[in-house]
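Chain by chain, the residues:
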Amino acid sequence: MKKLILVFFFNLFYSGFSQENLRSFLLIGIEFTERVAARYTEPMTEGVMYGLTGGWYNSAKTMDVWDMKFSIVSNGSFIPSEKETFQIDVRDIPNLSIGQNDSGMAQIPTILGGDSDLQFIATVDGEQFEFTAPEGIGLIDINLLPNAFLQFKIGLPKYTELGIRYFPKLNIEDISLEIWGIGIQHQFSKWIRPINESKIALSGLIAYTTLIGDFEFASDGFVTGTNQEIDATLNSWLFELIGSTQNPVFNVYGGLGYVFGNSSTKLKGSYIIETETETLSFINPLDIKNNVRGLRANIGASVNVNWFGINLDYTLQGFNNLSLGLNFKIK
């Protein structure tokens, strides 16, 4: 199961970035290649960073001291329609033109978009190289960007709860991926007598999640080289105020919070392009950085019977998120 999740995730994240037609933009120089690559990958990194904040809680009530809960958490971030394509003006890029028209404006799929037959022509010392615009992986058709975690929580003294989420580091073929996170939740309504005596609980949460990945790929086309790989690190922080009911079986919960995250995606290795007059060589050419920040609001419901519970919630944020959790309690 973990192997399937790993391969699926990296096929989503890097199948587009490792395309020969995206690396072909190196013909026009690192500055412009990085500009195109940043616009191309931005929706994926943003969606993943928002998705990493999902599923941290399903109640404002913290567990009793040393009680434990194991959870399988799955998240699906919905893809905004405006993240399907982006535009570049090739008139701002020296030695690059569009094969099909001379308008100067190129509509390119993002990594989440669809197919493309747009042809570019790069001119280097009078020699022309023709290549197709990078294509998307078609996720816009299903409108969902998934992720999943294993999560463990334990009750601590003073109405506090510690949470840890983890996806063990796996190495399959040329792919490696690791996800981990830590969060702490405190039920401050325990210190407010009128609220504590009601059926409402209030708490605060601080949580951090990071994803570290690596993908090696072979060179092809007119871009050759060695040790070509993509290294990615994505970090997300969540600060949230949570409220919920405190009933034995069925409860509703919600939260208001703030999320911010940052990412670094590096194209590493050597990249060589042979022309009739010279050899273009690039070493570790790209380091694409991105960040997200903004408010979020969450609402959900949970059902708990003895040692088992299930919860479902929806979050309004930059990439809206649906989260499902299966929870197993140990007292």
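You'll find the structure just up there.
Presented here is a report on the structure given in the accompanying data block. This is a predicted model, so every value here is computed, not measured.

**Comments concerning the overall build of the protein**
When helices and strands are counted, the protein shows four helices and 18 strands. Looking at the protein as a whole, 52% of its 331 residues qualify as buried. On the protein, roughly 15,200 Å² of surface is accessible, and the fraction owed to carbon and sulfur atoms is 58%.

**Describing unusual backbone geometry**
In this structure, Asn-95 takes a positive phi of about 65 degrees despite not being glycine. Tracing the backbone shows Asn-95 in the loop between strand E2 (85-89) and strand E3 (96-98). Phi at Asn-227 is positive, roughly 55 degrees, even though this residue is not glycine. Inspection of the secondary structure assignment puts Asn-227 in the loop between strand E11 (223-224) and strand E12 (229-245).

**Observations concerning the environment of Val-259**
Inspection of the secondary structure assignment puts Val-259 in strand E13 (residues 250-268). Residue classification places Val-259 among the buried residues on the basis of a relative accessible area of 0%. Separated by 59 residues in sequence, Val-259 and Gly-318 place their C-alpha atoms 9.6 Å apart. Not counting residues within four places of it along the chain, the set of residues in contact with Val-259 comprises Tyr-50, Thr-53, Trp-237, Val-292, Arg-293, Gly-294, Arg-296 and Gln-317.

**Points about empty space enclosed by the protein**
Per the stated rule, a full pass over the model turns up four cavities of 30 Å³ or more. The volume enclosed by the largest cavity comes to roughly 70 Å³. Lining the largest cavity are 13 residues, with Gly-55, Asn-58, Ser-71, Gln-151 and Asn-327 positioned closest to its centre. Elements with a minimum of two residues in the lining of the largest cavity: strand E1 (68-77), strand E7 (145-156) and strand E18 (321-330). In this structure, the second largest cavity encloses a volume near 40 Å³.

**Quick word on the sheet that holds strand E6 (residues 127-132)**
Within the open sheet, the three strands sit side by side as E3-E5-E6. Their pairing is antiparallel. Since the sheet does not close on itself, it has two edges, and those belong to E3 and E6, each with one partner. Ignoring strand direction, the axes of neighbouring strands in this sheet form an average angle of 25 degrees. One ladder, built from three bridges, connects E3 with strand E5 (residues 119-124); its direction is antiparallel. The partner of Ile-98 across the bridge, within E5, is Phe-120.

**Re the side chain of Asn-311**
Looking at the element boundaries, Asn-311 is found in strand E17 (residues 308-316). Among the polar contacts made by the side chain of Asn-311, one reaches the side chain of Tyr-253 at a distance of 3.1 Å. At 3.0 Å, the side chain of Asn-311 and the side chain of Asn-327 are in polar contact. Contacts of Asn-311, omitting those with residues within four sequence positions, involve Asn-58, Tyr-253, Ala-301, Ser-302, Ser-323, Leu-324, Gly-325 and Asn-327.

What counts, and where the lines are drawn
- Residues numbered from 1 in each chain as written.
- Predicted model: local features only at pLDDT ≥ 70, side-chain atom pairs only at ≥ 80, totals over all residues.
- Heavy atoms only, no water.
- Helix = DSSP H or I, 4+ residues; strand = E, 2+ residues; numbered from the N terminus.
- Buried < 20%, exposed > 50% of the residue type's maximum accessible area, 1.4 Å probe, protein only.
- Areas by Shrake-Rupley, 256 points an atom, 1.4 Å probe, with all protein chains shown as cover.
- Contact = heavy atoms within 4.5 Å.
- 1 Å grid on protein atoms, 1.4 Å probe; cavity = no way out; pocket = protein on both sides within 12 Å on 5 of 7 lines; lining within 4 Å.
- Points joined across faces, edges and corners; volume = space filled by probe spheres on them.
- Pairing = 2+ DSSP bridges.
- Axes fitted to C-alpha atoms, helices over the stretch in contact; angles between N-to-C directions.
- Polar contact = N/O pair within 3.5 Å; in protein donor to acceptor, adjacent residues only side chain to side chain.

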